[in-house]
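Fold and contact review
Chain by chain, the residues run as shown.
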Amino acid sequence: MLWHFVLSGQVLGTYVTFYMHNKCPFPIWPATASNTGHPVIADGGFYLPSSETKPVTAPWSWTGRIWARTGCNFGSKLKPACETGDCDGRLECNGLIGTPPATLVEITVQADKTKPNFYDVSLVDGYNLPVMVTTKQASPKCTIKGCVKNMINSCPQELQVLNKTGQVVACKSACLAFNLDSFCCRNEFGTPEKCKPSLYSKTFKEACPAYYSYAFDMPPPSMTCSSREFVITFCPSGWGDDYQHSSM
């Protein structure tokens, strides 16, 4: 069962735990990248079969990102080793940031346990899988829900990322695809007043309303909840059958 983990007093007292749960009908390779000055957690990446859960601990005050890699084959020593989210062909990213596009979970854990933690899901660089984030003691006000549409199916052709067999495996953001200031919210477009939603970001927002669709998404779709345990579910309920990723 998902919650059948025994946590030591040390973990409860010193760490926050992220339960990585794979509800996709194929294996994934979750990865982590810590912000500068913060330790690498879970060696930066690991294998997670379908229907399984792995607890990952991080120290209080940790901040970084979590994502899932798909279609990986680490035995061939090819680079990239994964169809999406690859980190220089390594199983253990060990601090490296994954190659976009990939759906990013961004988390900041407060050192002061009386203060809330901050977390969001971002499609600013693009999308590869739906993900849900919630506290272990699930509460609607602390839950970032998954998507309402399969973004792989609705991705505009000019944003599509294809694998070797021609399947769409990810969807780039307009910023990643075109590298224009107006899409990337930079330089003269570097303020909320100047950088507005585009037709592309609106497509992301329609599919995944609880995620950041572009840099200045308003109101900010982020959560602030105090908890020592979080659940990160890839391909949450209602998803899976639509996905046809290769699992090399």
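Residues numbered from 1 in each chain as written. Predicted model: local features only at pLDDT ≥ 70, side-chain atom pairs only at ≥ 80, totals over all residues. Heavy atoms only, no water.

**Here's the deal with the sheet that holds strand S9 (residues 160-162)**
- An order of S7-S10-S9 is seen for the three strands of this open sheet, with the pairing classed as antiparallel. A single partner strand is all that each edge strand has here, and the edge strands are strand S7 (126-127) and S9.
- Inspection of the sheet shows S9 paired to strand S10 (residues 168-172) by three bridges, in the antiparallel sense. Looking across to S10, one finds that Leu 162 is bridged to Val 168. (Pairing = 2+ DSSP bridges. Helix = DSSP H or I, 4+ residues; strand = E, 2+ residues; numbered from the N terminus.)

**Observations regarding the nonpolar core**
- Membership of the largest hydrophobic core comes to 45 residues, with the highest contact counts inside it found for Phe 18, Met 20, Ile 107, Tyr 119, Ile 232 and Phe 234.
- Aside from chain neighbours lying at most four places away, what touches Phe 234 is Met 20, His 21, Asn 22, Lys 23, Cys 24, Ile 28, Pro 30, Ile 66, Trp 67, Ala 68, Pro 130 and Val 131. (Core = buried A, V, L, I, M, F, W, Y, C linked by side-chain atoms within 4.5 Å. Buried < 20%, exposed > 50% of the residue type's maximum accessible area, 1.4 Å probe, protein only. Contact = heavy atoms within 4.5 Å.)

**Here we look at the side chain of Thr 63**
- By secondary structure assignment, the location of Thr 63 is in strand S4 (residues 63-69).
- A relative accessible area of 12% places Thr 63 in the buried class.
- Beyond its immediate stretch of four places on either side in the chain, Thr 63 contacts Ser 34, Asn 35, His 38, Ile 107 and Thr 108.

**A look at the state of the cysteines**
- The final tally for this structure, using the stated rule, is eight disulfides.
- Sulfur-sulfur distance for the disulfide between Cys 147 and Cys 208 comes to 2.1 Å. Looking along the S-S bond of the Cys 147-Cys 208 disulfide, the torsion reads about 95°, which is the right-handed sense. Of the two residues, Cys 147 is situated in the loop between strand S8 (131-135) and helix H2 (151-154) and Cys 208 in the loop between helix H5 (199-207) and strand S11 (222-225); the sequence distance between them amounts to 61 residues. (Disulfide = S-S within 2.5 Å.)

**Quick look at the layout of surface pockets**
- Considering only enclosed or pocket space, the largest pocket measures out at about 400 Å³ in volume.
- Along the walls of the largest pocket sit 23 residues, with Pro 80, Cys 82, Glu 83, Thr 84 and Lys 164 positioned nearest its centre.
- Grouping the amino acids of the lining of the largest pocket by side-chain chemistry returns 10 nonpolar, nine polar and four charged. (1 Å grid on protein atoms, 1.4 Å probe; cavity = no way out; pocket = protein on both sides within 12 Å on 5 of 7 lines; lining within 4 Å. Points joined across faces, edges and corners; volume = space filled by probe spheres on them. Nonpolar A, V, L, I, M, F, W, Y, C, P; charged D, E, K, R; others polar.)

**Digging into the packing of aromatic side chains**
- Here the structure, examined in full by the defined rule, presents eight aromatic pairs.
- With 6.0 Å between their ring centres and 55° between their planes, Phe 18 and Trp 62 make a pair best called tilted. One end of the pair, Phe 18, is in strand S1 (residues 15-22); the other, Trp 62, is in the loop between strand S3 (53-59) and S4, and 44 residues separate them in sequence.
- Using a relative accessible area of 0% as the deciding quantity, one classes Phe 18 as buried. (Phe/Tyr/Trp six-rings, centres within 6.5 Å; stacked < 30°, edge-to-face > 60°.)

**Some words on the pattern of salt bridges**
- Across all of its chains, the model carries six salt bridges by this definition.
- Where Glu 229 meets Lys 136, a salt bridge forms, and the shortest distance between an N and an O atom there is 3.6 Å. Of the two residues, Glu 229 is situated in strand S12 (residues 229-234) and Lys 136 in the loop between S8 and H2; the sequence distance between them amounts to 93 residues.
- For Glu 229, a relative accessible area of 17% translates into the label buried. (Salt bridge = Lys/Arg side-chain N within 4 Å of Asp/Glu carboxyl O.)

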